[in-house]
Amino acid sequence: MTPDDFDKLQTLMASRAGYRLTRDRMQLAEHRLGPVARREGYANVEALLANLWTQPVASLGWAVIEALLNPETWFRRDRTPFRVFEKELLPALASARPEGRVRVWSAGCSTGQEAWSIAMAGLGVGARIEVSATDLSQRAIEKARGGLYTGFEIQRGLDARTMLRWFEPVEEQWRPRPELAQVVQFTRGNLLDEPADDGRFDVIFCRNVLRDMDPSRRTRLLDGLEQRLVDDGCLFLGADETLEGETVAFRPVSGRRGLYVKAPSSLRRAA
Amino acid sequence: MPLTTCLIVDDSRIIRKVARRIVEAMGYEVDEAADGAEALTYCTGAMPDVLLIDWNMPVMDGLSFLRRLRALPDGRRPKVLFCTIETHPDRIAEALAAGADDYVMKPFDGEILQSKLEEVGAIAA
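Residues numbered from 1 in each chain as written. Chains lettered and ligands numbered in written order. Predicted model: local features only at pLDDT ≥ 70, side-chain atom pairs only at ≥ 80, totals over all residues.

Time to look at the sheet that holds strand S5 (residues 184–188) of chain A. Residue and element names in this part refer to chain A. Reading across from one edge, S5-S2-S1-S6-S7-S9-S8 is the order of the 7 strands in this open sheet, with mixed pairing throughout. Two strands in the sheet have a free side with no partner beyond their single neighbour: S5 and strand S8 (250–252). Each adjacent strand pair in this sheet contributes to an overall mean axis angle of 25°, direction not counted. Here S8 runs beside strand S9 (residues 259–262); their pairing, made up of 3 bridges, is antiparallel. Bridging across to S9, Arg251 finds its partner in Val261. Relative to strand S2 (residues 128–135), helix H6 (residues 113–124) is tilted by about 175°, and along the sheet it contacts strand S1 (101–107), S2, S5 and strand S6 (201–205). The sheet strands contacting helix H7 (residues 138–146) are S2 and S5, and the helix crosses S5 at an angle near 160°. (Pairing = 2+ DSSP bridges. Helix = DSSP H or I, 4+ residues; strand = E, 2+ residues; numbered from the N terminus. Axes fitted to C-alpha atoms, helices over the stretch in contact; angles between N-to-C directions. Contact = placed C-beta atoms within 7 Å.)

Have a look at this one:
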């Protein structure tokens, strides 16, 4: 891949996905695009990209974008936010909401482990939990919907008792049991798009998305999250993500790292 | 952090070597036993803080050893991860019922072992 190719990839990723493809990821990009080139019938990555630059962004462009996103995820990643969600937020929400119905959005869900972790917590405390999970990557969403996880994937972050309670083996893999599967809905979605409906959520998990976001797109993303969150809702960001001075929509909850609530100034809709 | 001890009980020298490398990197002082009987002798002498136990081994298998271990004075204290190729839910449940704190399906890697040890509270998360 030429430096010019990489520049164009950076622009593509920033404009379509809001993703900041840093220069140190050039080799990674080359490596990730190899399989895409083979799958799409190109001799190599250069040939794939040469063709890509001559046409409008369509399925090939999105296949390239998807391959360059960061798909890494695991069950109950960083543990603490899931503990706070389960022990502190869920009991309060389930008793405050009609019929204990709690709506959660896993925004940037990748292959689904976060969404299942949220759903397990909700069902575990007897809440009527509904999890909506979205990701930009069609392939990630398809894997999440298929719900099949390898032994490595299922064990990463999940203890055996929890695994046995909520998952069942299918040949060499594991999939969610029906009672878990039925409370999670996976949809492909771009966090930069305007919301397609007026659905709102009690809790939003948008973890490890912002840190890869192009600075110029972060505000748009945060505005979208703010619109979709109920006024007394909560937002979880990743462990090393903070909002400092870039939005007036959210304020951090002290003593709960990564947890945000709406700032008073963004409660105007309630008035 | 004070050094904690881990006993790896597996009849495969290769598995012991792989597991040793992983838990040593986490700061454990590691010893090895090739079957349950050897491990039981070890534990009556000095109780480790953590044990990784394979299921199928000659002389005394992992499940028999685990039950005997839990019956020893101080035998409930160590954290036990059962690490085997058995993936049937009934077998996993059996090992947990016999006193394993968690269960690791082989093959595993460092990330899985680390996350399981954190989960059972053997190392700080």
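A separate point is unusual backbone geometry. Residues B:Lys106 and B:Pro107 are joined by a peptide bond in cis, for which omega reads 0°. Relative to the helices and strands, B:Pro107 resides in the loop between strand S5 (102–105) and helix H5 (110–119). In this structure, A:Arg79 is a non-glycine residue whose phi angle is positive, near 55°. Here A:Arg79 is to be found in the loop between helix H4 (59–68) and helix H5 (80–96). Looking at A:Arg79, the number of C-beta atoms within 10 Å reads 16, which means it is partly exposed. If you check the backbone angles, A:Glu99 has positive phi at about 55° while not being a glycine. Here A:Glu99 shows up in the loop between H5 and S1. Residue class for A:Glu99 comes out exposed when judged on the 8 C-beta atoms lying within 10 Å of it. (Buried ≥ 20, exposed ≤ 12 C-beta atoms within 10 Å, placed from the backbone.)

Another point: the environment of B:Glu119. Mapped onto the secondary structure, B:Glu119 falls in helix H5. A C-alpha to C-alpha distance of 14 Å links B:Glu119 and B:Pro78, two positions 41 residues apart in sequence. Every residue in contact with B:Glu119, bar those within four places of it in the chain, is listed here: A:Asp159 and B:Asp102.

Once that is clear, we can look at the domain arrangement of chain A. Residues and elements named next belong to chain A. Here chain A is partitioned into domain 1 (3–68) and domain 2 (80–270). If you average the C-alpha positions of domain 1 and of domain 2, the two centres end up 28 Å apart. On the side of domain 2, 10 residues touch domain 1, which itself brings 6 residues to the contact. For the side of domain 1 that touches domain 2, the per-class residue count stands at 3 nonpolar, 1 polar and 2 charged. (Domains from an automatic or database assignment. Nonpolar A, V, L, I, M, F, W, Y, C, P; charged D, E, K, R; others polar.)

The next point concerns the interface of chain B and chain A. Facing the 17 residues of chain B at the interface are 11 residues of chain A. Here the side of chain B that touches chain A gets 5 residues from one element, more than from any other, and that element is H5(B). Considering only residue class, the side of chain B that touches chain A consists of 10 nonpolar, 2 polar and 5 charged.

What follows concerns the packing of helix H2 (residues 36–45) of chain B against helix H3 (residues 62–71) of chain B. When two helices pack together, their arrangement is given by the angle between their axes and by how far apart the axes lie. Residues and elements named next belong to chain B. Two elements in contact, H2 and H3, have axes whose closest approach is 9 Å; the angle formed by their N-to-C orientations is 20°. Classified by the interaxial angle, the pair formed by H2 and H3 is roughly parallel. At the point where H2 passes H3, the crossing takes the right-handed sense. For the pair formed by H2 and H3, the contact residues are Gly36, Ala39, Leu40 and Cys43 on the first element and Gly62, Ser64, Phe65, Arg68 and Leu69 on the second. (Parallel < 35°, antiparallel > 145°, perpendicular 65-115°, else oblique. Left-handed = near helix turned anticlockwise from the far one by under 90°.)

Let us look at the nonpolar core. Within the largest apolar cluster, 113 residues are counted, with the highest numbers of intra-cluster contacts made by A:Ala119, A:Ile204, A:Leu235 and B:Phe82. In terms of residue count, the dominant contributor to this core is H6(A) (6 residues). Lining this core are residues from two domains, each supplying at least three of them: domain 1 (3–68) and domain 2 (80–270) of chain A. In contact with B:Phe82, other than residues within four places in its own chain, are B:Ile53, B:Trp55, B:Gly62, B:Ala95, B:Ala100, B:Tyr103 and B:Val104. (Core = buried A, V, L, I, M, F, W, Y, C linked by C-beta atoms within 7 Å.)

It is worth spelling out H5(A) at this point. The periodicity of an α-helix, 3.6 residues per turn, causes residues three or four places apart in sequence to face the same way. All names here are of chain A. Taking 1.5 Å of rise per residue, the 17 residues of H5 would be expected to cover 24 Å, and the 23 Å separating its terminal C-alpha atoms lies within 8% of that figure. Along H5, the sharpest kink reaches roughly 45°, centred on Leu89 and followed within four residues by the proline Pro91. Listed in full, the buried residues belonging to H5 are Pro81, Phe82, Phe85, Leu89, Leu90 and Leu93. Buried positions along H5 lie against S1, H6, S6 and strand S7 (229–236). (Expected span 1.5 Å × (residues − 1). Bend = angle between axes of the 7 residues up to and from the residue.)

All names here are of chain A. At their nearest, the axes of helix H2 (residues 26–39) and helix H3 (residues 45–52) sit 9 Å apart, and the two run at 80° to each other. By the angle between their axes, H2 is roughly perpendicular relative to H3. Where H2 approaches H3, its residues Glu30, Leu33, Gly34, Val36 and Ala37 are matched on the opposing element by Val45, Ala47 and Leu48. Partitioned by chemical class, the residues of the contact of H2 with H3 number 6 nonpolar, 1 polar and 1 charged.

Let us look at the sheet that holds strand S4 (residues 79–84) of chain B. All names here are of chain B. If you trace the 5 strands from one edge of the open sheet to the other, you get S2-S1-S3-S4-S5, paired in parallel fashion. Only two strands of the sheet have a single partner each, and these edge strands are strand S2 (28–33) and S5. Between one strand and the next, the sheet's axes are offset by a mean angle of 20°, whatever the strand orientation. Sheet analysis places strand S3 (residues 50–53) next to S4, joined by 4 bridges and oriented parallel. Looking across to S4, one finds that Val50 is bridged to Lys79.

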